[in-house]
Amino acid sequence: MTSAQVDTENVPEEGYERGLGSRQVQMIAIGGAIGVGLFMGAGANIAKAGPSIILMYALAGVVIFFIMRALGELLLYRPVSGSFAEYAREFLGPFFGFVTGWTYWLMWVVTGMAELTAAAIYIHFWFPEIPQWVSALVFLVVLFGVNLISVKIFGEVEFWFSMIKVTAIIGMIVIGLGVLTLGFSDAGDTAAVSNLWSHDGFFPNGIGSSLMTLQGVMFAYLAVELVGVTAGESENPEKTLPKAINTLPWRIIVFYVGALLVILSVVKWTEFSAGESPFVHAFGKIGIPLAAGIVNFVVLTAALSSCNSGMYSTGRMLRGLAANSEAPRAFGKLNARKTPAVGITVSVALMGIGVVLNYVVPEKAFLYVTSVATAAGIWTWMMILVSHIRYRAAVDAGRLRASSFPAPGGALFSWVALLFLIGVTCMIAYDKDARICLYVAAGWAVALGVGWAVLKSRNPQLTERPDVEFEKVG
């Protein structure tokens, strides 16, 4: 079956429970834009770029919106769980679907390791005597249980995690504005908007150093595409998905640009460093009783929220691969609660490597895993963009029906975003600290190539797009 012949009017029933309501999808989308990359990773980025980091987050945010509008057009053309791999399979061929599915799975496994590492670091704020690996292990087990129960429980937990993050950031912005305008607290004497340029300028380390932070900035946006994975379990994807995507610019303006503008005005950029949350540092300096502890709790929930989402998405991605004979058939099974328990279990077991890293190299664990996750995320975004470009070409040629949620500018902005991502990849290759992810990517590519060759030898039909069938038990 070619892409031109796909029956887009009849999306296959995947067997999932459509248990994610509008409020949960909206909050998952909002929460996906607020993660540990902002709360913790921003510290290292501020130290490298100074106040210009605000511009870097804004620039990356524009590109992320282009990616999400491209994804939105594809989702409303054919809303399926595991969408990125399915679209790559349809528009680029089975091999690209195979690579994208497994790479997105790897991204979330590695991101889960990063979030567990961050959560363990945050626990040190209150309990410095607890080993980092112990905290990581406890969180891993608890979130594993949440994901096995049902998608409704996952959605509800994610809703409240996201609600905490949103409420807290808005509160931080309001308090920060109060410090700037009213001058209260210990930070009031030095807080000023002029902090954005009065300490060696807006680009204190040069434009080149600022651009080099884009790799870390892009990690902060990983998970915004998670709404695409929820398509198969949303109650009304035709309404909830466009709304979730169209509000993305406001989320970026408020939660990234707005929050960093306030933080860097209240506290001069030279006081921030890698390995600590700039939000915890800023509110510790403001001196509000318990503020630093409250902010630390918020960033802890942000890390757990992202890890929770990772467990959710890995199980769905493995199930999509199994449905196309690209993963063991056992991954395609649902348990009695309609969750892909086998796929989740295997993914969580591999996330346990993050616990080991926290035991062996606790000071390097976060850097290593975030670099690998960023490379995998960039590949996924590239596949979304290329699939969208191919889809628009098919629509323009009259081979496929138009989506009800077309991306502005057609394929133009997808090309712009694609070139941007290629540029970020080149920056990763130039940075000696982040370059390790490209070595991992090369090894991963070899493993996938070998895996594909073995699959083709056992099943020659893989060169054609199979009809999607899902096996259910219980």
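All figures in this text were calculated on a predicted structure; none of them were measured in a lab.

1. Examining the overall build of the protein chain
Each helix and strand counted, the protein chain has 19 helices and 0 strands in total. Here the protein chain, with 474 residues, has 59% of them falling under the buried criterion. Summed over its atoms, the accessible surface of the protein chain is roughly 17800 Å², and 67% of this surface lies on carbon and sulfur atoms.

2. Regarding the nonpolar core
Among the nonpolar cores identified, the biggest contains 147 residues, and F39, Y221 and W381 are the most heavily contacted of them. Per-element tally for this core: the top contributor is helix α6 (residues 94-126), with 18 residues. Not counting the four nearest positions on each side in its chain, F39 is found in contact with I34, Y122, K165, I169, M172, S277, P278, F279, V298, V299 and A302.

3. Notes on the packing of helix α4 (residues 53-77) against helix α18 (residues 412-430)
Running from amino to carboxyl end, α4 crosses α18 at an angle of 130 degrees, the nearest separation of the two axes being 9 Å. Comparing the axis directions of α4 and α18 gives the class oblique. Between α4 and α18 lies a crossing of left-handed hand. Residues L59, A60, V63, F66, I67 and A70 of α4 pack against F413, S414, V416, A417, F420 and L421 of α18. When grouped by side-chain class, the residues that make up the contact of α4 with α18 number 11 nonpolar, 1 polar and no charged.

4. Some words on the packing of aromatic side chains
Inspection of every chain in the model, using the stated rule, returns 15 aromatic pairs. Ring centres of F91 and Y391 lie 5.8 Å apart, and the angle between their planes is 70 degrees; on these two criteria the pair is classed as edge-to-face. Here F91, found in helix α5 (residues 83-92), pairs with Y391, found in helix α17 (residues 365-396); they are 300 residues apart in sequence, far enough to count as distant. The residues F91 and Y391 share a single accessibility class, namely buried. By way of ring pairs, the aromatic residues F95, F96, F98 and W452 are connected into one cluster. The ring of F405 has R69 lying over it, and the distance from NZ or CZ to the ring centre is 4.1 Å.

5. So, the confidence of the model for the protein chain
Per-residue pLDDT for the protein chain averages 80, and the proportion of residues at 70 or more is 83%. Mean pLDDT across the elements of the protein chain bottoms out in helix α1 (residues 22-32) (63) and peaks in α4 (93). Taken together, the stretch residues 1-13 has pLDDT below 50 and engages in 19 contacts with residues farther than four places along the chain or on a different chain. In the predicted structure, residues 465-474 sits below a pLDDT of 50 and forms 30 contacts with residues beyond four places in sequence or in another chain.

6. Observations concerning the side chain of S265
Tracing the backbone through its elements, the reader meets S265 in helix α13 (residues 248-266). Since its relative accessible area comes to 3%, S265 is described here as buried. A polar contact of 2.7 Å, which involves the side chain of S265, links it to the backbone oxygen of L261. Filtering out sequence-adjacent residues up to four positions away, S265 remains in contact with L180, A191, A192, V193, N195 and L196.

7. Description of the environment of A88
Among the secondary structure elements, A88 is positioned in helix α5. Using a relative accessible area of 0% as the deciding quantity, one classes A88 as buried. For the pair A88 and G101, spaced 13 residues apart in sequence, the C-alpha to C-alpha distance is 8.9 Å. The residues touching A88, leaving out its near neighbours within four places in the chain, are G93, F96, G97, T100 and S387.

8. Details of unusual backbone geometry
Positive phi, close to 70 degrees, is recorded for D200, a residue that is not glycine. Owing to a relative accessible area of 65%, D200 belongs among the exposed residues under this scheme.

9. Let's talk about the pattern of salt bridges
This structure, assessed with the given rule, holds 5 salt bridges. Where E73 meets R392, a salt bridge forms, and the shortest distance between an N and an O atom there is 3.1 Å. You can see E73 sitting in helix α4 and its partner R392 sitting in helix α17, a full 319 residues away along the chain. A relative accessible area of 2% places E73 in the buried class. E86 is the salt-bridge partner of R89, the closest N and O atoms lying 2.7 Å from each other. One end of the pair is R89 and the other is E86, both in helix α5 and 3 residues apart, which spans about a single turn.

10. A few points about a nonpolar patch on the surface
There is a patch of nonpolar side chains on the surface, built from I170, V174, W250, I253 and V254 and spanning about 500 Å² of accessible area. The set of elements that each furnish at least two residues to the nonpolar patch consists of α8 (151-182) and α13. When residues in the nonpolar patch are grouped by element, the largest group, 3 residues, is from α13. Among the secondary structure elements, W250 is positioned in helix α13. According to the relative accessible area criterion, W250 is exposed, its value standing at 60%.

Parameters at a glance
- Residues numbered from 1 in each chain as written.
- Predicted model: local features only at pLDDT ≥ 70, side-chain atom pairs only at ≥ 80, totals over all residues.
- Heavy atoms only, no water.
- Helix = DSSP H or I, 4+ residues; strand = E, 2+ residues; numbered from the N terminus.
- Buried < 20%, exposed > 50% of the residue type's maximum accessible area, 1.4 Å probe, protein only.
- Areas by Shrake-Rupley, 256 points an atom, 1.4 Å probe, with all protein chains shown as cover.
- Core = buried A, V, L, I, M, F, W, Y, C linked by side-chain atoms within 4.5 Å.
- Contact = heavy atoms within 4.5 Å.
- Axes fitted to C-alpha atoms, helices over the stretch in contact; angles between N-to-C directions.
- Parallel < 35°, antiparallel > 145°, perpendicular 65-115°, else oblique.
- Left-handed = near helix turned anticlockwise from the far one by under 90°.
- Nonpolar A, V, L, I, M, F, W, Y, C, P; charged D, E, K, R; others polar.
- Phe/Tyr/Trp six-rings, centres within 6.5 Å; stacked < 30°, edge-to-face > 60°.
- Lys NZ or Arg CZ within 6 Å of the ring centre and 35° of its normal.
- pLDDT = per-residue confidence, 0-100.
- Polar contact = N/O pair within 3.5 Å; in protein donor to acceptor, adjacent residues only side chain to side chain.
- Salt bridge = Lys/Arg side-chain N within 4 Å of Asp/Glu carboxyl O.
- Patch = residues over 30% accessible without salt bridge, like charges linked within 9 Å, V, L, I, M, F, W, Y side chains within 5 Å.

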